[in-house]
Amino acid sequence: MQQVKLFFGVENRPEDLERDVNAFLAETGARCVNIFGNIAPQTPGTGAGDAERVTSTSRRFAPSDVFLCVVYEK
């Protein structure tokens, strides 16, 4: 039976998503059927901390949220 596992992260830290997905697959022994995802539209930060972080990294927009869906079989 196919099941899904959802993962969330941010675009400027793809290594976190890679680590999480790979750890999940290794720990569960799941057979990956499909992986798909989406990245949220980029929007400027709304808080003072967000504006500072965006400026300090020379980015015009704050990092977007990333969603991955892993379809797997046990």
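Scroll up to find the structure.
Remember, it's a predicted structure, so these values are computed and weren't measured experimentally.

> Would you mind going over the overall build of the protein in detail, with residue names and values included?
Each helix and strand in the protein was counted, giving two helices and three strands. From first element to last, N terminus to C terminus, the protein shows the α and β order β-α-β-α-β. Expressed as a percentage of its 74 residues, the buried residues of the protein come to 20%. Taking contacts inside the protein between residues at least 6 apart in sequence as the whole, the part at least 24 apart equals 79%. For the protein, the exposed surface amounts to about 5300 Å²; the carbon and sulfur share of it is 53%.

> Could you give an account of the nonpolar core, with specific residues and numbers?
Within the largest apolar cluster, ten residues are counted, these being Phe7, Leu17, Val21, Phe24, Leu25, Ala30, Val66, Leu68, Val70 and Tyr72. Once residues lying within four places of it in the same chain are set aside, the contact partners of Leu17 are Phe7, Phe8, Gly9, Val66 and Leu68.

> Can you break down the packing of aromatic side chains residue by residue, with the values?
Under the criterion given, the structure shown has three aromatic pairs. Judged by centre distance (5.9 Å) and plane angle (70 degrees), the ring pair of Phe7 and Phe24 falls under edge-to-face. Placement of the pair is Phe7 in strand E1 (residues 2-10) and Phe24 in helix H1 (residues 14-28), with a sequence separation of 17 residues. Like Phe7, the residue Phe24 is buried in the burial classification. Relative to Tyr72, the ring of Phe24 has its centre 5.1 Å away and its plane inclined at 80 degrees; by these criteria the two rings are edge-to-face. Remark: Tyr72 occurs in strand E3 (residues 65-73) and Phe24 occurs in helix H1; sequence separation between them is 48 residues. Linked through ring pairs, Phe7, Phe24 and Tyr72 together constitute an aromatic cluster. Across the ring face of Phe7, the terminal group of Lys5 is positioned such that the distance to the ring centre comes to 5.8 Å.

Here is what the cut-offs are and how they apply
Residues numbered from 1 in each chain as written. Predicted model: local features only at pLDDT ≥ 70, side-chain atom pairs only at ≥ 80, totals over all residues. Heavy atoms only, no water. Helix = DSSP H or I, 4+ residues; strand = E, 2+ residues; numbered from the N terminus. Buried < 20%, exposed > 50% of the residue type's maximum accessible area, 1.4 Å probe, protein only. Contact = heavy atoms within 4.5 Å. Areas by Shrake-Rupley, 256 points an atom, 1.4 Å probe, with all protein chains shown as cover. Core = buried A, V, L, I, M, F, W, Y, C linked by side-chain atoms within 4.5 Å. Phe/Tyr/Trp six-rings, centres within 6.5 Å; stacked < 30°, edge-to-face > 60°. Lys NZ or Arg CZ within 6 Å of the ring centre and 35° of its normal.

No statement about biological role is implied by the geometric values presented.
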